[in-house]
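Summary of the model geometry
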Amino acid sequence: MSKFASELQESQLKLNSQEDNSTVLGAIDTATLEMRIEVTNPDHSEPSIMLYVENQADAAMRLVSEMMILCGEVIATFGSHNNIPLPYRGQPQSNIDSSAFAHLPEGPVRSSAIVRIMHAAEMDFRNPIRHGVMGLPVYVQFISPIRRYMDLAAHYQASSSNFKRLLLLRFLQLR
């Protein structure tokens, strides 16, 4: 096995144990199937419309999702340790008994039913908030500054000279 393949396998094992750990911390798996619509040749008199289903539980989708969540957790952790105002996003623990949904088929039906009874998300710019649904002590949505204004605000904070200085100091301390 190549070094890359063994590192990839090790990363997968760590990710699996992290998923198990996040469930212990209260995380709720809400991976669902999402409908996508793709239109090609929209200016044509008969455009081609394609409907397809994207499985959010697919290994590649899960990996991308986990990396986005990790980025948000890292930014939030760094910001909270250094008293940097960020759009901290949290969600109170819902204490959902998943056995109450055992009568529903596993998959999108059950996930949708669970999501419907969760508490609403909260945001605070001064104090980090626990994100109970993801099982994280702190979280900031950070990876979509083009789509979400709050992500853009977080990027502005992260690009401030104070943030860069603190990040550089931490990096130098690690060396």
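Basis of the calculations
Per-chain numbering applies: the sequence of each chain, read as written, is numbered from 1 onward. For this predicted model, a pLDDT threshold of at least 70 governs which residues receive local features, and a threshold of 80 or more governs which side-chain atom pairs are given and counted, while totals over whole chains, interfaces and linings are taken from all residues. Each side-chain value is worked out from all heavy atoms of the structure, with water and hydrogens disregarded. The way it works is that DSSP assigns letters per residue, a run of H or I at least four long becomes a helix, a run of E at least two long becomes a strand, and they are numbered from the N terminus. Burial classes follow relative accessibility: with a 1.4 Å probe on protein chains only, a residue under 20% of its type's maximum area counts as buried, one over 50% as exposed, and anything between as partly exposed. The contact criterion used throughout is that any non-hydrogen atoms of two residues lie within 4.5 Å. Among the buried residues, those of types Ala, Val, Leu, Ile, Met, Phe, Trp, Tyr and Cys that are joined through side-chain atoms within 4.5 Å form a nonpolar core. When we speak of the arc, we mean the arc of directions from the helix axis to the C-beta atoms. Residues enter a patch when their relative accessible area is above 30% and they make no salt bridge; the linking distance is 9 Å between like charges and 5 Å between nonpolar side chains (Val, Leu, Ile, Met, Phe, Trp, Tyr). The accessible surface values rely on the Shrake-Rupley method and a 1.4 Å probe; as for residues, cover is taken only from the protein chains in view. Counted as salt bridges are all cases of a side-chain nitrogen of Lys or Arg within 4 Å of a carboxyl oxygen of Asp or Glu. By definition here, a helix of n residues has an expected span of 1.5 Å times n minus one. pLDDT measures the predictor's confidence residue by residue and takes values from 0 up to 100.

Scanning the protein from N- to C-terminus turns up 5 helices and 4 strands. When the helices and strands of the protein are read in sequence order from the N terminus, they spell out α-β-β-α-β-α-β-α-α. Buried positions account for 26% of the 175 residues belonging to the protein. Considering only contacts within the protein whose residues lie at least 6 apart along the sequence, 62% involve residues at least 24 apart.

Let's shift gears to the nonpolar core. Among the nonpolar cores identified, the biggest contains 13 residues, and I75, I84, L86, V140 and F163 are the most heavily contacted of them. Every element with two or more residues in this core is listed here: α2 (59-81), α4 (149-158) and α5 (161-174). Per-element accounting of this core gives the leading share, 3 residues, to α2. Not counting residues within four places of it along the chain, the set of residues in contact with I75 comprises L86, V140, F142 and F163.

Inspection of the secondary structure assignment puts E73 in helix α2. The contacts of E73, once residues within four sequence positions are left out, are L136, P137, V138 and Y139.

Right, let's talk about α4 for a bit. Given 3.6 residues per turn, any residue in an α-helix points the same way as the ones three and four places further on. Among all positions in α4, only D151, A154 and A158 are buried. Along α4, the residues classed as buried sweep out an arc of 55° about the axis, all on the same side. For α4, exposure combined with an orientation more than 90 degrees from the buried face picks out Y149 and Y156.

Here the focus is the environment of M67. Within the secondary structure, M67 is located in helix α2. According to the relative accessible area criterion, M67 is partly exposed, its value standing at 43%.

This part is about a nonpolar patch on the surface. On the surface, a cluster of nonpolar side chains totalling about 630 Å² of accessible area is made up of M35, I37, V39, I49, L51 and V53. Only β1 (33-40) and β2 (48-55) provide two or more residues apiece to the nonpolar patch. Inspection of the secondary structure assignment puts M35 in strand β1.

It is worth spelling out α2 at this point. Compared with an ideal rise of 1.5 Å per residue, which puts 23 residues at 33 Å, α2 spans 32 Å between its outermost C-alpha atoms and is within 8% of the ideal. Within the span of α2, buried status applies to E66, I69, G72, E73, I75, A76, F78 and G79. After α2 finishes, the residue N83 shows a positive phi value of roughly 55°.

Note: predicted coordinates in regions of low pLDDT should not be interpreted at a detailed level. Here the protein averages 79 in pLDDT, while 79% of its residues score no lower than 70. Averaged pLDDT values for the elements of the protein fall to 57 in helix α1 (residues 3-24) and rise to 93 in strand β3 (residues 88-90).

Let us now look at unusual backbone geometry. In this model, N41 sits at a positive phi of 55°, which is unusual for a non-glycine residue. Positive phi, close to 55°, is recorded for N83, a residue that is not glycine. Tracing the chain through its elements places N83 in the loop between α2 and β3.

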